[in-house]
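Next come the chains, spelled out residue by residue.
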Amino acid sequence: MGKLGIALVGLGRYSAGQLAPALKETEHCYLAGIVTGTPSKVDKWKKDYDIPDQNVYNYQNFDEIKNNPEIDIIYVVLPNALHAEYVVRAAAAGKHVICEKPMAVTVEDCDKMIKACNEAGKMLSIGYRLHFEPHNKEMMRTGKEKPFGNIIKLKAGNGMSDTEGWRLDKKLAGGGPLMDVGIYCVQGCRYTTGMEPVSITAKETPKTRPEQFVSLEEGLTWQMKFPNGIIAECNTSYSKNMNLLRADCEKGWAELSPAYAYGGIKGNTSEGKMDFPQVNQQARQMDDFAVAIKEKRPTRVPGEMGRQDVKILQAIYQAMETQREVFL
Ligand code: NDP
């Protein structure tokens with residue numbers, strides 16, 4: 001098998017700025033097609049990525065992609081609430097699927113997506129690029145091989161000073177910064193400990209721009225209890241820049257800051273600076289999925305992982321709204 005053909009669905013900022021350029025660096029897959037609702041974007045994409053007319057689709061004729069042998073993988077990069085529909089349609093078209101985070105806005109939708117891919121005999125992966133990033137992989141090792149002893153405490157924060165567009169529309173986003181960037185803290189704590197949280201408490205941050213955040217949180221802090229008494233203190237916001245993942249252990253600590261960026265990730269430990277290269281995370285992520293398909297092995301970042309995060313995000317909102325500890 002040569003390079004597998006990927007079609008990007010939704011030519012927004014992430015597709016244009018990160019995924020498509022990364023697909024010029026991948027060894028096992030390439031950008032074969034596009035799906036867009038904006039005809040004015042088509043010419044530039046066709047030219048920049050050498051995409052033939054027959055590999056250009058819109059949301060109406062999307063299902064015809066099933067007749068296109070050049071497309072092996074459909075990568076859904078739409079606003080969160082649209083992920084479920086397009087993953088189900090992609091599976092029905094007989095294609096493998098990558099879906100961006102958060103996988104969906106409800107656990108029920110995640111179940112439908114997993115079922116559709118299973119029934120079609122196709123693989124489903126979530127765009128969790130940090131599983132292929134060396135500093136974040138070192139955090140996974142910190143929990144697994146315990147170079148500093150058992151983890152006692154985690155701290156994770158991910159936030160930005162502002163946002164716009166569909167991210168402020170609850171129907172399309174499913175929530176505020178928690179769905180968009182706070183999810184990285186949930187992921188970070190899960191992959192650092194290698195464990196699942198057992199309970200959650202949460203508190204909404206007072207709004208500084210209530211007119212902008214009518215039905216969404218502007219910010220949120222939450223605490224996750226993990227087995228063995230490990231506590232994770234987490235924070236997300238659309239009005240404050242944060243980018244941290246830290247594990248305090250019995251005999252030392254490890255910290256990434258920034259932890260979740262596309263590049264420039266920096267790591268320190270109680271023993272000194274982490275010395276790992278910066279990599280093209282998206283290229284590695286997509287290549288790994290292509291190789292998994294070729295080798296018929298599971299993806300490291302499957303739909304089930306995305307579903308578990310959505311389940312935790314929903315529990316965080318429940319804890320925030322009820323002001324009670326929510327048990328998972
Ligand atoms: P953008 O708003 O930049 O792009 C979304 C694109 O979706 C639009 O450009 C449009 O493409 C298409 N679209 C279809 N229907 C709608 C609609 N009703 N409203 C708005 N857009 C629509 O978003 P991003 O690219 O930043 O995010 C897309 C997804 O990728 C999200 O799920 C986000 O969480 C995820 N993401 C993941 C990142 C990561 O690091 N893994 C980083 C950034 C985003 P067109 O005009 O072609 O139809």
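S.K.: Would you take a moment to explain the nonpolar core for this structure?
M.R.: Within soluble globular proteins, side chains that are nonpolar generally end up buried alongside one another. Ranked by internal contacts, the top residues of the largest apolar core, which has 77 residues, are Leu124, Trp222, Met224, Tyr260 and Ile316. Looking at which domains feed residues into this core, each of domain 1 (4-126) and domain 2 (133-277 + 309-327) supplies at least three. In this view, methionine 224 contacts Cys185, Val186, Cys189, Pro197, Ser199, Ile200, Ile230, Ile231, Ala232, Cys234 and Ile312; residues no more than four positions away in its chain are not counted. Counting residues in hydrophobic clusters, the runner-up holds 28 residues, among them Leu19, Met123, Met286 and Ile293.

S.K.: Would you mind showing me how to read the sheet that holds strand E12 (residues 253-256) here?
M.R.: In a beta sheet, neighbouring strands are held together by backbone hydrogen bonds and run either parallel or antiparallel to one another. Spatial strand order, E14-E13-E12-E11-E7-E10-E9-E8-E15: nine strands in an open sheet with mixed pairing. Strands with a single pairing partner mark the edges of an open sheet, and in this sheet they are strand E14 (272-273) and strand E15 (326-327). Note that strand E7 (residues 151-159) and strand E11 (residues 242-249) share eight bridges and pair antiparallel. Each residue of the ladder has a partner; that of lysine 153, found in E11, is aspartate 248. Strands E7, strand E9 (219-225), strand E10 (231-237) and E11 of the sheet are contacted by helix H7 (residues 177-193), whose axis makes an angle of about 160° with E7. Relative to the sheet, helix H9 (residues 303-322) contacts strand E8 (199-204), E9 and E15, its axis offset from that of E8 by approximately 55°.

S.K.: In this structure, what is going on with the side chain of serine 237? I would like to understand it.
M.R.: Tracing the chain through its elements places serine 237 in strand E10. From its side chain, serine 237 meets the backbone nitrogen of serine 239 in a polar contact 2.7 Å long. Other than its neighbours up to four places away in sequence, serine 237 contacts Asn158, Gly159, Met160, Pro177, Val181, Glu218, Gly219 and Met242.

S.K.: Any chance you could explain empty space enclosed by the protein here in plain terms?
M.R.: Vacant regions in the atomic arrangement are exposed by a probe of water-molecule size rolled over the atoms. Applying the stated criterion across every chain yields a total of one cavity of 30 Å³ or more. As a volume, the largest cavity reaches approximately 50 Å³. If you go around the largest cavity, the residues you meet are Gly127, Tyr128, Arg129, Leu130, His131, Tyr184, Gln187, Gly188, Tyr191 and Tyr260. Its residues assigned to classes, the lining of the largest cavity shows five nonpolar, four polar and one charged.

Basis of the calculations
Residues numbered from 1 in each chain as written. Predicted model: local features only at pLDDT ≥ 70, side-chain atom pairs only at ≥ 80, totals over all residues. Heavy atoms only, no water. Core = buried A, V, L, I, M, F, W, Y, C linked by side-chain atoms within 4.5 Å. Buried < 20%, exposed > 50% of the residue type's maximum accessible area, 1.4 Å probe, protein only. Domains from an automatic or database assignment. Contact = heavy atoms within 4.5 Å. Pairing = 2+ DSSP bridges. Helix = DSSP H or I, 4+ residues; strand = E, 2+ residues; numbered from the N terminus. Axes fitted to C-alpha atoms, helices over the stretch in contact; angles between N-to-C directions. Polar contact = N/O pair within 3.5 Å; in protein donor to acceptor, adjacent residues only side chain to side chain. 1 Å grid on protein atoms, 1.4 Å probe; cavity = no way out; pocket = protein on both sides within 12 Å on 5 of 7 lines; lining within 4 Å. Points joined across faces, edges and corners; volume = space filled by probe spheres on them. Nonpolar A, V, L, I, M, F, W, Y, C, P; charged D, E, K, R; others polar.

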